[in-house]
Amino acid sequence: MPPPTATSKKTQTFAADSADRPALLLAWYDRHRRKLPWRPLPGVAADPYRVWLSEIMLQQTGVKTVGPYFEKFLARWPDVEALGRASLDDVLRMWAGLGYYSRARNLHACAVKVRRYHGGVFPDTEEGLRSLPGIGPYTASAIAAIAFGHRTMPVDGNIERVVSRLFAVEQPLPQAKPLIQQLAAMLLAGDEKSRAGDERSRAGDSAQALMDLGSSICTPKKPACALCPLNDDCAAHTRGDQETFPRKALKKTGALRRGAAFVVTRGDEILVRTRSEKGLLGGMTEVPGSDWLAAQDDKAALKQAPVLKGVTRWHRKAGVVTHVFTHFPLELAVYTAHVAARTRARQGMRWVPIATLGGEALPNVMRKVIAHGLNM
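Analysis parameters
- Residues numbered from 1 in each chain as written.
- Predicted model: local features only at pLDDT ≥ 70, side-chain atom pairs only at ≥ 80, totals over all residues.
- Heavy atoms only, no water.
- Helix = DSSP H or I, 4+ residues; strand = E, 2+ residues; numbered from the N terminus.
- Buried < 20%, exposed > 50% of the residue type's maximum accessible area, 1.4 Å probe, protein only.
- Areas by Shrake-Rupley, 256 points an atom, 1.4 Å probe, with all protein chains shown as cover.
- Lys, Arg positive; Asp, Glu negative; His and termini not counted.
- Charge placed at Lys NZ, Arg CZ, Asp CG, Glu CD.
- Contact = heavy atoms within 4.5 Å.
- Polar contact = N/O pair within 3.5 Å; in protein donor to acceptor, adjacent residues only side chain to side chain.
- Salt bridge = Lys/Arg side-chain N within 4 Å of Asp/Glu carboxyl O.
- pLDDT = per-residue confidence, 0-100.
- Phe/Tyr/Trp six-rings, centres within 6.5 Å; stacked < 30°, edge-to-face > 60°.
- Axes fitted to C-alpha atoms, helices over the stretch in contact; angles between N-to-C directions.
- Parallel < 35°, antiparallel > 145°, perpendicular 65-115°, else oblique.
- Left-handed = near helix turned anticlockwise from the far one by under 90°.
- Nonpolar A, V, L, I, M, F, W, Y, C, P; charged D, E, K, R; others polar.
- Pairing = 2+ DSSP bridges.

Some points on the overall build of the protein chain
Item 1. Check the secondary structure of the protein chain and you find 15 helices and 7 strands.
Item 2. Overall size of the protein chain, expressed as C-alpha extent along the three principal axes, is 80 × 45 × 30 Å.
Item 3. Residues classed as buried in the protein chain amount to 50% of the 376 residues present.
Item 4. Just so you have it, the protein chain exposes about 19,000 Å², and 53% of that area is on carbon and sulfur atoms.
Item 5. Between the mean site of the 53 positive side-chain charges and the mean site of the 35 negative ones, the protein chain shows a separation of 9 Å.

In structure tokens form, the structure reads like this:
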């Protein structure tokens, strides 16, 4: 690997004079490693299925949120063979509330492919892993390092923060990602000639050590630098401006979108439908609603209400339901109506008992809508 192009002579000096960093990092990790549901005990080989499942769930989601979902999935589907036999609907139901639902669809597709075409065994190379649905460069590197011991360094948000401070990387994210990737690789333990799986490399432990360091000590605000095993030669700590790293370019926020949601009840049942498999919240359950558009007004949204026998007037609930997606914020006006006991659902819709909504694949925005509409 060619030497990284650091952002300053001072950064280069730090990079050159700290060959003991990997050993210091691992010594700290051996004393302070987090206990996580998907992380085996010291000296126990990692299960590729658990590593993969946790990495998919942890994409854009915190450890505390993921923990219960991971345990729930593992109890239902203890290995990739079992998950590969499951239906997509069941997987989406179990995933409901975790967000970013394309991950759930890719999770299912990946399990199916591993079961059908790889004999229920995950490929043990980054190239092979990247051929699977939902596994990009970072996830492939993480699985390769943690599950198979390959000498590669996955870089998540925690590692980006640690490395950008350690080397005082002035370039803002996301442009700085290639440089941070190169610098992070310098923190891998072991000889570059160590074979995959060789105990000397401890590549997975090196990566997890940096993740734990970023989570517990090198935090976004008020990092506990005095407790950091790498503080003696941390460039940002030496300068005293560690909280300003990583540098970040200003985010562009999408325009507010507006729409309407229609909560229709028939006794103790509610009218729902399933969203298209493709696109935002694909395959998830929702109440009928209008398009979500930036310039949409209430009258235009109301015209998209479902036509149901006996409904001549919709009651608008006070206030709106708000939700923020990755690329845009959303406001939904909520309208309610009650229909007679034998009213049929329109094509593509169905009645479900309100009491069983917990078993439906409802995204969080729809949970908010239904709670608002039913005064729950």
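Some details on the environment of Thr-61
Item 1. By the element assignment, Thr-61 lies in the loop between α3 (48-58) and α4 (63-76).
Item 2. With a relative accessible area of 15%, Thr-61 lands in the buried category.
Item 3. With residues up to four places along the chain from it excluded, the contact list for Thr-61 reads Val-66, Leu-98 and Arg-103.
Item 4. Here Arg-103 takes part through its side chain, which lies 3.2 Å from a polar atom of the side chain of Thr-61.

Observations regarding α3
Item 1. The buried count for α3 comes to 8 of 11 residues, which makes it a mostly enclosed element.
Item 2. Listed as buried for α3 are Tyr-49, Val-51, Trp-52, Leu-53, Ser-54, Glu-55, Ile-56 and Met-57.
Item 3. Where α3 is buried, its residues contact α4, α5 (80-85), α6 (88-95), α7 (102-117) and α9 (137-148).
Item 4. Put simply, Asp-47 is the residue that caps the front of α3, since its side-chain oxygen is 3.0 Å from the backbone nitrogen of Tyr-49.
Item 5. Positive phi appears at Gln-60, one or two residues downstream of α3, with a value of about 65°.

Observations regarding the pattern of salt bridges
If charged atoms from side chains of opposite charge come close, those side chains can pair.
Item 1. Evaluated as defined, the whole model comprises 21 salt bridges.
Item 2. With a closest N to O distance of 2.7 Å, Arg-266 and Glu-269 form a salt bridge.
Item 3. Overlapping salt bridges bring together Glu-170, Arg-239, Asp-241 and Arg-247 as one network.

Description of the confidence of the model for the protein chain
Item 1. Considering every residue of the protein chain, the mean pLDDT works out to 90; 92% of them sit at 70 or more.
Item 2. For the protein chain, per-element mean pLDDT is lowest for helix α1 (residues 9-16), which scores 44, and highest for α5, which scores 98.
Item 3. Low confidence marks residues 1-16, where pLDDT is under 50. Its contacts with residues over four positions away, or in another chain, come to 30 contacts.
Item 4. Low confidence marks residues 192-199, where pLDDT is under 50. Its contacts with residues over four positions away, or in another chain, come to 10 contacts.

As for the packing of aromatic side chains
Item 1. In this structure the tally under the stated criterion is 9 aromatic pairs.
Item 2. The interplanar angle of 45° and the centroid separation of 5.1 Å between the aromatic rings of Trp-52 and Phe-122 together place this pair among those described as tilted. Pair noted here: Trp-52 is in helix α3 and Phe-122 is in the loop between α7 and α8 (126-130), with a separation of 70 residues, a long-range link.
Item 3. Judged by relative accessible area, Phe-122 falls into the buried class, the value being 7%.
Item 4. Relative to Tyr-335, the ring of Phe-262 has its centre 5.6 Å away and its plane inclined at 25°; by these criteria the two rings are stacked. Here Phe-262, found in strand β1 (residues 257-266), pairs with Tyr-335, found in strand β6 (residues 329-338); they are 73 residues apart in sequence, far enough to count as distant.
Item 5. On the basis of relative accessible area, Tyr-335 is assigned to the buried category, the value being 5%.

Concerning unusual backbone geometry
Item 1. Cis rather than trans, the peptide bond between Leu-173 and Pro-174 has omega equal to 5°.
Item 2. Within the secondary structure, Pro-174 sits in the loop between α10 (157-166) and α11 (177-185).
Item 3. A cis geometry characterises the amide bond from Phe-245 onward to Pro-246, with omega recorded as -5°.
Item 4. Counting through the fold element by element, Pro-246 comes out in the loop between α13 (235-239) and β1.
Item 5. In the Ramachandran plot, Leu-281 falls in the positive-phi region, its phi being about 60° despite a non-glycine side chain.
Item 6. Mapped onto the secondary structure, Leu-281 falls in the loop between β2 (269-274) and β3 (285-286).

Observations concerning the packing of α3 against α7
Item 1. Between α3 and α7, the least distance of the axes is 10 Å, while the angle of their chain directions is 160°. Classed by the angle they form, the pair α3 and α7 counts as roughly antiparallel. For the pair α3 and α7, the crossing hand works out as right-handed. Contacts from Trp-52, Leu-53, Ile-56, Met-57 and Leu-58 of α3 reach α7 at Arg-103, Leu-107, Cys-110 and Ala-111.
Item 2. Of the residues assigned to the contact of α3 with α7, the class counts are 8 nonpolar, no polar and 1 charged.

Some details on the pairing of β6
Item 1. The element β6 is largely enclosed, with a buried count of 7 among its 10 residues.
Item 2. In the sheet, β1 pairs with β6 via 9 bridges, with the strands oriented parallel. Of the residues in β6, the one forming a bridge with Gly-259 is Leu-332.
Item 3. With 2 bridges connecting them, strand β4 (residues 315-316) and β6 associate as antiparallel partners. Bridge pairing in β6 links Arg-316 to Tyr-335.
Item 4. Strand direction decides the pairing type here: strand β5 (residues 321-324) and β6, joined by 4 bridges, are antiparallel. Note that in β6 the partner of Thr-322 across the bridge is Glu-331.
Item 5. Linkage of β5 to β6, two consecutive antiparallel strands, is achieved through a turn of 4 residues.

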